[in-house]
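Understanding the architecture of this molecule
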Amino acid sequence: MAIKVTHIKPEFIDERGFISRIVDQDEFPIRAVLYIKRRKESRGADHFHKTDAHFIYVLSGKVEYAEKNMVKETSAIESAILNPGDVVLSRPMIAHSTKFLEDSVIFAFRTEKRDQESYERDTVRVDIFDK
């Protein structure tokens, strides 16, 4: 399972600016969009979701994204560096961790609503780097 990072490029450009498609698919309905700002050297995520999937889009900064399949015990930790314009899909039962290498702004496009009670029911915290 290799991490698939897609770099978003403008699809339409004219004198007004451009349009880029961040997410355009039918498999995962988007129910919430989170705006996340993190400081350099901070970490985030360190969990997996039982049912939620989400796309992580880097608006600015640089992020090390790592993941591990929690269903397959012998799976390896994989990582990728995400730069502005990159998007990656975090699927259910895939533990993920983010290390912010620069001050960064990311968006998370979630398939589940983000009220705290629902989020906590669906989230299992785990530090994949301790495994």
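Residues numbered from 1 in each chain as written. Predicted model: local features only at pLDDT ≥ 70, side-chain atom pairs only at ≥ 80, totals over all residues. Heavy atoms only, no water.

Along the chain, E67 turns up in strand β7 (residues 63-69). One buried charged residue, E67, remains without a salt bridge, the closest side chain of opposite sign being R91 at 7.4 Å. Side-chain polar atoms of E67 contact the side chain of Y65, separated by 2.7 Å. (Helix = DSSP H or I, 4+ residues; strand = E, 2+ residues; numbered from the N terminus. Buried < 20%, exposed > 50% of the residue type's maximum accessible area, 1.4 Å probe, protein only. Lys, Arg positive; Asp, Glu negative; His and termini not counted. Salt bridge = Lys/Arg side-chain N within 4 Å of Asp/Glu carboxyl O. Polar contact = N/O pair within 3.5 Å; in protein donor to acceptor, adjacent residues only side chain to side chain.)

Let us look at the pattern of salt bridges. Two side chains of opposite charge can pair, provided their charged atoms sit close to one another. Applying the stated criterion across every chain, the model contains 9 salt bridges. When the shortest N-O distance is used, the salt bridge between R91 and E27 registers 3.5 Å. Taken as a pair, R91 in the loop between β9 (86-90) and β10 (94-100) and E27 in the loop between β3 (17-19) and β4 (32-38) lie far apart in primary sequence, 64 residues in all. In this structure R91 comes out as partly exposed when scored by relative accessible area, which is 37%. In the salt-bridge network here, residues are joined through shared partners; they are E11, R21 and D24.

Attention now moves to the side chain of D122. By secondary structure assignment, the location of D122 is in helix α1 (residues 116-122). Within the buried core, D122 has no salt-bridge partner, and the shortest N-O distance to an opposite charge, that of R110, equals 5.3 Å. A polar side-chain atom of D122 sits 3.5 Å from a polar atom in the side chain of H49. Leaving out residues up to four positions away in the same chain, D122 has contacts with F48, H49, K50, T51 and D52. (Contact = heavy atoms within 4.5 Å.)

The subject of this paragraph is the pairing of strand β6 (residues 54-60). Counting buried positions along β6 gives 5 out of 7 residues, so the element sits mostly inside the fold. Looking at chain direction, β6 and β9 are connected through 4 bridges and run antiparallel. Within β9, the residue paired with H54 across the bridge is S90. Pairing analysis gives 6 bridges linking β6 to strand β11 (residues 104-110), with the strands arranged antiparallel. Within the sheet, the bridge partner assigned to I56 lies in β11 and is A108. (Pairing = 2+ DSSP bridges.)

Scope: geometric values only; no functional claims are made or implied.
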